[in-house]
Amino acid sequence: MHSEQRTRTSSGSPSSAQVRGMKYSDEIRLITTELAGTPELIQQMLDDAPQSVGLWMLWEPNAFDNQDGQNINGKDGNNDQTGRFTPYWIRDNNQINVQSLVEYDSTAAHPNGIIKGAWYQNPQKNRRQTVTAPLPYVVQGKNVWLATLSVPVVANDRFLGVTGADYNLAFV
């Protein structure tokens, strides 16, 4: 970004001078940094979609802010082994909790045959939006059937990551 370095848990909006002259990839980082640092916005997004179990982002190594090495801590959605920004915001008793995503690289199958990491691997490979087939998952200690909507994040023909939402299919 510009001279002011933003952090993964930063808050406050940038000035218009900061936004002018940014590259598209910087704009994506700015928007997602603001999203990551604003639990109220995540809460509102989940409130607006009651069938949604959680919202998430999964960035390629150092694609978010080039600071993975400084974020190997497992906090605020950072992967505790790689430092990749992998937040999964989930609804928990009317509060939002964040944890790191798991199994995104897994090629093992769920009991119904769906690849565990398909929600990430498919949009990574084909650069298109993906909806996974229903799959069993444990959310807040309950077995539910989920479908995941995934959207690749691509800037200047470079794959940066995937963002998406998980939906509980009990409403169907």
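Refer to the structure printed above.
Conventions adopted
Residues numbered from 1 in each chain as written. Predicted model: local features only at pLDDT ≥ 70, side-chain atom pairs only at ≥ 80, totals over all residues. Heavy atoms only, no water. Salt bridge = Lys/Arg side-chain N within 4 Å of Asp/Glu carboxyl O. Helix = DSSP H or I, 4+ residues; strand = E, 2+ residues; numbered from the N terminus. Buried < 20%, exposed > 50% of the residue type's maximum accessible area, 1.4 Å probe, protein only. Core = buried A, V, L, I, M, F, W, Y, C linked by side-chain atoms within 4.5 Å.

Novice: What am I meant to see in the pattern of salt bridges here?
Specialist: Opposite charge on two side chains makes pairing possible when the charged atoms of those side chains draw close. Under the definition given, this model contains two salt bridges. One salt bridge in this structure joins Arg84 and Glu60, with 3.5 Å as the shortest N-O distance. In this pair, Arg84 is assigned in the loop between strand S1 (52-59) and strand S2 (87-92) and Glu60 in the loop between S1 and S2, connecting sequence segments 24 residues apart. For the pair Arg84 and Glu60, a shared accessibility class is recorded, and that class is buried. Residue Lys116 pairs with Glu103 through a salt bridge whose shortest N-O separation is 3.6 Å. Here Glu103 lies in the loop between strand S3 (95-100) and helix H4 (118-126) and Lys116 lies in the loop between S3 and H4, a separation of 13 residues in the sequence. Judged by relative accessible area, Lys116 falls into the partly exposed class, the value being 23%.

Novice: How do you make sense of the nonpolar core when you look at a structure like this?
Specialist: If you look at soluble globular proteins, the nonpolar side chains tend to sit buried side by side. Counting residues in hydrophobic clusters, the biggest one holds 14 residues, and the most contacted among them are Trp56, Leu58, Tyr88, Leu101, Tyr104, Trp119 and Tyr120. For this core, the elements supplying multiple residues, two or more each, are S1, S2, H4, strand S6 (142-155) and strand S7 (158-168). Among the elements that line this core, the one with the most residues is S1, at three residues. Core analysis: the second largest hydrophobic core is formed by 13 residues, Ile42, Leu46, Trp59 and Phe85 among them.

Read these as spatial facts, not as claims about activity.
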